[in-house]
Structure formats: C-alpha cells, structure tokens
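Overview (structure and organization)
What follows is the residue order along each chain.
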Amino acid sequence: MISAEEALETVLRVARRLEPITVPLHEALGKVLAEEIRAADPLPPFPASIKDGYAVVAADGPGEYPVITESRAGNDGLGVTVTPGTIAYVTTGGPIPDGADAVVQVEDTEEVKDESARIKRVRILLQNSPGTDIRPIGSDIEKDAVMLKCGELIGASEVGLLATVGVTMVKVYRNPTIGVLSTGDELVEPTTQKLGRGQIRDSNRSMLLAAAVQLNCKMVDLGIARDDERDLEQVIDSAFSAGVDIILTSGGVSMGDRDFVKPLLQKRGKVHFEKVCMKPGKPVTFAEINPGKTADGVKDKNILAFGLPGNPVSCSVCFHLFVVPAIRHISGWTNPHLVRVHARIQKPLWTDPVRQEFHRVIVKWSLNDGSGLPGFVAESTGSQSSSRLLSMKSANALLELPASGSIIPAGTSLSAVIISDIISALVADGPSLQNNASTGQGSISNKTNDSDIPGPAVRVAVLTVSDTVASGAGPDRSGPRAVAVVNSASKKLGGARVVAMAVVPDETSKIKDILRRWSDVEKMDLILTLGGTGFTPRDVTPEATKELIEKETPGLLFAMMQESLKVTPFAMLSRSAAGIRGSTLIINMPGNPNAVAECMEALLPALKHGLKQIKGDKREKHPSHVPHAQAAPTDTWEQSYKKTTTTTNKDTGCSCSH
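Residues numbered from 1 in each chain as written. Predicted model: local features only at pLDDT ≥ 70, side-chain atom pairs only at ≥ 80, totals over all residues. Heavy atoms only, no water.

1. So, the overall build of the protein chain
Check the secondary structure of the protein chain and you find 14 helices and 37 strands. Buried positions account for 47% of the 658 residues belonging to the protein chain. In the protein chain, the proportion of contacts linking residues at least 24 apart, taken out of those at least 6 apart, comes to 72%. For the protein chain, the exposed surface amounts to about 32000 Å²; the carbon and sulfur share of it is 52%. (Helix = DSSP H or I, 4+ residues; strand = E, 2+ residues; numbered from the N terminus. Buried < 20%, exposed > 50% of the residue type's maximum accessible area, 1.4 Å probe, protein only. Contact = heavy atoms within 4.5 Å. Areas by Shrake-Rupley, 256 points an atom, 1.4 Å probe, with all protein chains shown as cover.)

Structure follows, in structure tokens:
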C-alpha cells in the first residue's frame, strides 16, 4: 500500500490539463484564465476628483472665488478652463477641468450668500498644494499593465476587472465532463418507495453528481451497473462515447468475487494504485484508460478513472482527497491542493496504529481556542464508521490523525483539510480545551474514558516551519512524525505529551510570535521546531530562535549532530539552535521526518533530566549517579589525605565532576 500523500502525487502527475476554450464573460466565473490580460486603456482615463469639492488653482490660496462650471461624472465641464481667480464644482470621480491642479473638499469651504450675485461664489478656507485629492491618469491601472495572469481563478472581482478593460470573450481552461456510475446488485434508485430484501437506495451516485455540479463540471449520469462484468463493460463504453474526461465508480473495488471494477480497469488501461494506507478509503483505485482511436484514426485522449469504495463515507472522503485536486489540476489551477488549517481538538481522539486517519470534523472559529487566544477548533461528528453517512453531515473538514496507535489529548492542534465552508458563527468564550482533557469531559470511544487520561506532566508543542505546508501546497509530514515519536517515548520523557501543533511559513516574525506565545503565555515545557535550519535564504528558524532564548544549550545540538552524521554527511549543514526561555526548552530540528526521529533518539537519555532541572529540581540525577558522600575516593592524593586527616567525620572527596 502507498500513503495518501503518494497517491495524490501520482494522480497529479498522471492528470493532464485540458485544452483552453473561449467563453463569454458571463460564463467565465469559476474557471481558470488561460491567457494574460493587459489593460488597453489607463484607469482613470482622465484626472479625477477623489472627493466632492471645488477644483482650484492651488497657488490662489484661501479667499472668495466665482464658480464658473460644474464637473460631474460624465462629460460636464468640457471645454471650460479654470483660470487663476476662478473655481469649479466637482463630484467624486468627476473629471478635473483644465487649468485646475487641486481639489478642496466641501467641508473646507463656505458658500457666500449674496442674492444679488448672478454667479455663485464660494469661500475657500485653507491653502492646498498641487495634486491634492486628484487621481492622476493611470493611477489605478496603467495602460498595458498586466491585469490578470494566466492560471488565475476567475471570481466575481476578476469578472469586474475583465469588464473594466473591455474584455468580453475570455480564454479559459475547460472544466471536465464527469461520468458517475454506481455498481452493485443491491442498489436501487432513490425513487424506490418500498425496499425489497437485501436492497438499499443508491446514495453515492446522487452525492457524487451533486459534488460535480458544485465544482462547475458537466456531469453524465451513467446509472447503476449490476455486478456483471459484461454489463459493467457496456456502461463504461457508453461513458467513452459521451466524451467524459473522468469516470467515477463507487463499489466493486474490494476483494469480493463479484467486484469487477478493478479487473476491468486493468483490462482497459493502466492501474496506478489499488490500495492506499488510509482510513477510511483503503480500497480506492486510480487508473488511466485509453478508449482507443477516433473515427478518423487519431488516438483519443486518456480518461482518468477513480474506483471509489462503496461505503458512503469512504466514497466521499476519497472524492475530496483525490478527485477534487484532480479536477482542479486538469481545469488549470496552479495550486490544486485543498486548503489546510490547524485546529485544536475539543476531546481526546484515538489514532490507528497502522493507517493515517481522516476524521470528519466541524471546524469553527473561536474567540478562545483553548489557549486563551482566537483560533480554529475542531468538533468531531461522532462515530466514524465508514458506512455511517451521518458522520459527513455538516462536516467541513477532515482532521489528519497520524498512525501512532496512541491517544491525542484534548487541546492538541492538528492539521485539518477543509472540504467546505468554515462555519462563520463565532464560538465565543468557549471552555478551555486543556481543562477538558484533565477533568474528564466527553469520551473518546468505547475503549476508554477521558477520566483515564491525566494531564501530561511534560507539555510539548511542535512547530512545523514550512512555506509549502503553510500555504496548503503540501501536507505536514514532519509534525505528525514528531507527535508519534514524543508520545511513544512519553515515559522516558517523564510523562510527555504533545498538546499543541502549528504550522508557520519561513518568516522570522511569525516563528517568533508563536514561540513567544507558547513559552511566555502557555508555559510549554518543551518546544520542538521542525524545518528551516538549512542554508537557503528562507531558512530562518535558528535566527528567530536565538533572538528569544535566554540560555543556550549547545550540548543538545552536539548530541543531535553526532547521531545525524551517522546517517548522512549532509547533517553538518544544519544550523540548528537550542536554548531555554523562562521555563521552556526550545530545540530546532531538521524538517525531514526521519531526521526528527534520529534527533529525538539522541536526546532521550538526558532530556528528562534537563527538563526537570529547568524547573529548578536540582535533586534530579542520572540513575547511575552516586551521591558525593557515598563516592569512594580513587585519587592517590585523596587516599593519602584521608589517612593523615584527624577529623573522622569530615566528608571524603569525590571524583565526580558535578
């Protein structure tokens, strides 16, 4: 089996971008631009007033002046020149009459009341400088400036920009046509009123068709195919003739003797993977099919085929993790990956010992995420059975749980893959997540109660420093690995548990902000940073750390370097820093997941000892340490001194270096 990350990499490597098409402006929404758009005209095309007021000659200064014209939006005031000693009324966005070089806002003027005057007069109250409150020609958009780049997603604002520069026909990448097929003798149409024995209504097909519509794809309903090889092959052929770009099947990909989807895909094309080490969705299959040659003898396009599991939840999870990025990729998206955020879990969660799990959750923004600061929180949707479609109801994210076979305590910050809109309602003044873990509120599953999980004696926070992960362009592999390593070595570290995780880009200020919060506010015992310790210009984790630590701990770095050099000579390129801030130990580690395990292995013999010393416990000694009073003298001088001394109760010497 391959990992979910490897499976997605395979899908994106195989998928090819679809050909561009030209569509009217009103049909471009939601598509990806396939050309560069430049401005044919400057904006504004004339000097425009920023405010309602009076266009003046700035050198005139304060005084009373006749209003010789009005310049409103449109062509008012054309052919009139403002000369010294005159002014013109202008509205916001209106053109500045010739001769004027500044605008005085209405609030800084007074109208002169004179019923006998034939021309309106206004008193200017202050001195202005040339250019005040005037938008010069092209100040918003210069002529020939690049408005939109190829590969940009067209939203409502982009439609407005295209209209601004007069683009009414837009070259975009085509969205795919998707064929959706369900398989299984047990399936009947949702319109069936009375179910027969062994029958269930087909939910997967309706769900996938709706999802395709949400992604602005054309859809082809291929119906239900029976568990018959010939019937299934005929339906697949009909999909080819319908011109689909992607085929989605649900069911028939497991190990049963009537699961024909996988053998058919192997027969008609190339299967790239047929099992993924994930939960749910293990039997998901991905293949590339070539339907043959067209009528004119030209080789036809390849079709992407996804054999999704029959269990509704597994089907939905695999669709979001693999099909959605594939659709985005062939539709021209430059970054097809789903957005990831970090959210704190509200209750402890069990993790699978073998497979990475995608736990369905509702992610909300909270004014207090449990740390005393605003942030995202994740609420489980309940039982995570792969057949329980209710677990997808209201779920807007998939929480990425590492395969560690341990309990993740409440309050831990984990990566969440966003699959729909984040709930906008603020969850104000929520309870502390850390308190939930220690007071026994809620439950994990039937295996244990929260009351069985005491608060960790050593609180650990893990910070992944990566532009790629922070932008959502790739998953966090180092963070979950560090969690697994720390939690598995909990006893050796004095009862340590990871209670917080976060991801930041390679930016000094953001690294410092979270290190300062974790050490000064949340009082973490140990902070592990992962990544950003190399030689590239963006590697700034050591610099950010050194600005915060109060005492350096070079011995820890030496131990890590020694261990890493056993594996690769490139370890000498690490510029890691380590030190103490207040009562928190901060250690930089490389971003490679394997290097994290190597470094922790090197530190384990002494880390518990060091953490207790930071807290002021001088009594904490290594297990093999012999107290000074009990140490046998080994030095010749000490033995001679003992024989000659007359004080019998004087303490003996000690060769110990403490």
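2. Quick word on the packing of helix 3 (residues 204-214) against helix 6 (residues 312-330)
Each pair of packed helices can be described by the angle between their axes along with the distance between the axes. Interhelical geometry of helix 3 versus helix 6 gives an angle of 20° and a closest axis separation of 10 Å. With respect to each other, helix 3 and helix 6 are oriented roughly parallel. Judged by the sense of rotation from one axis to the other, the crossing of helix 3 with helix 6 is right-handed. Contacts between helix 3 and helix 6 pair N204, M207, L208 and A211 from the former with P312, C315, S316 and F319 from the latter. (Axes fitted to C-alpha atoms, helices over the stretch in contact; angles between N-to-C directions. Parallel < 35°, antiparallel > 145°, perpendicular 65-115°, else oblique. Left-handed = near helix turned anticlockwise from the far one by under 90°.)

3. Overview of the sheet that holds strand 36 (residues 578-581)
Spatial strand order, 33-32-34-37-36-35: 6 strands in an open sheet with mixed pairing. What marks the edges here is a single partner per strand, and that holds for strand 33 (496-504) and strand 35 (551-552). Two elements, strand 36 and strand 37 (residues 584-589), share 4 bridges in a ladder whose sense is antiparallel. Note on strand 37: the bridge partner recorded for A578 is I587. Across the sheet, helix 12 (residues 554-565) touches strand 35, strand 36 and strand 37, and the angle it forms with strand 37 is around 30°. (Pairing = 2+ DSSP bridges.)

4. So, helix 9 (residues 478-488)
Structural remark: α-helix, 3.6 residues per turn; residues separated by three or four positions point the same way. Listing the buried residues of helix 9 in full gives S478, G479, A482, V483, V485, V486 and N487. Contacts from the buried residues of helix 9 go to strand 27 (407-408), strand 32 (458-465), strand 33, strand 34 (526-530) and helix 13 (593-614).

5. A short note on the side chain of S250
Checked against the element boundaries, S250 lands in strand 17 (residues 246-250). On the basis of relative accessibility, which here comes to 2%, the residue S250 falls in the buried class. Each residue touching S250, except ones within four places of it in the same chain, is listed here: L181, S182, T183, N204, L308, P309, G310 and C315.

6. Here's the deal with the environment of A343
Positionally, A343 belongs in strand 22 (residues 340-345). By relative accessible area, A343 is classed as buried at 0%. With 73 residues separating them along the chain, A343 and A416 place their C-alpha atoms 6.7 Å apart. If we ignore the near neighbours within four places in the chain, the residues touching A343 are V363, F376, V377, A378, T412, S413 and L414.

7. Regarding the packing of aromatic side chains
A full pass over the atoms with the stated rule returns 5 aromatic pairs. Three or more aromatic residues joined by ring pairs form one cluster here, namely F273, F286, F306 and F322. The ring of Y173 carries the charged tip of R17 above its face, separated from the ring centre by 5.0 Å. The side chain of K120 reaches across the aromatic face of Y89, ending 5.9 Å from its centre. (Phe/Tyr/Trp six-rings, centres within 6.5 Å; stacked < 30°, edge-to-face > 60°. Lys NZ or Arg CZ within 6 Å of the ring centre and 35° of its normal.)

8. With respect to helix 1 (residues 4-14)
Of the residues making up helix 1, those classed as buried are A4, A7, L8, T10, V11, L12 and V14. Packing partners of the buried residues in helix 1 comprise strand 18 (269-273), strand 20 (285-289), strand 21 (303-308), helix 6 and strand 24 (356-366).

9. Here we look at the side chain of S564
Within the fold, S564 resides in helix 12. The exposure class of S564 is buried, given its relative accessible area of 9%. What S564 contacts, discounting residues up to four positions off in sequence, is A571, E598 and C599.

10. Regarding the confidence of the model for the protein chain
In this model, the protein chain carries a mean pLDDT of 85, and residues with pLDDT of at least 70 account for 85%. Note that pLDDT drops below 50 for residues 293-298; the model gives that stretch 4 contacts with residues more than four away or on any other chain. This stretch, residues 646-658, has a pLDDT under 50; its non-local contacts, to residues over four places away or in other chains, come to 14 contacts. (pLDDT = per-residue confidence, 0-100.)

11. Here we look at the packing of helix 4 (residues 229-241) against helix 5 (residues 261-268)
At a closest axis distance of 11 Å, the pairing of helix 4 and helix 5 adopts a crossing angle of 50°. Taken as axis vectors, helix 4 and helix 5 run oblique relative to one another. Along this stretch, helix 4 crosses helix 5, giving a crossing that reads as right-handed. Along the contact surface, helix 4 presents L232, E233, I236, D237 and F240, while helix 5 presents V261, L264, K267 and R268.

12. Considering the nonpolar core
Grouped together as the largest cluster of nonpolar side chains are 44 residues, with contacts concentrated most on L399, I587, M589, M600 and L607. With 8 residues, helix 13 is the largest single contributor of residues to this core. Counting residues in each nonpolar core, the second largest holds 43 residues, with L8, L12, C217 and L248 among its members. (Core = buried A, V, L, I, M, F, W, Y, C linked by side-chain atoms within 4.5 Å.)

13. Considerations on the pairing of strand 17
With respect to burial, strand 17 is a largely interior element, 5 of its 5 residues being buried. Residues I246, L248 and S250 point to one face of strand 17 and I247 and T249 to the other, with burial holding for every one of them. Bridge count for strand 13 (residues 177-183) against strand 17 is 5 bridges, and the pairing is parallel. The residue bridging I178 from the neighbouring strand is I246, located in strand 17. Bridge count for strand 17 against strand 21 is 5 bridges, and the pairing is parallel. Residue pairing for strand 21: L248 is matched across the bridge by F306.

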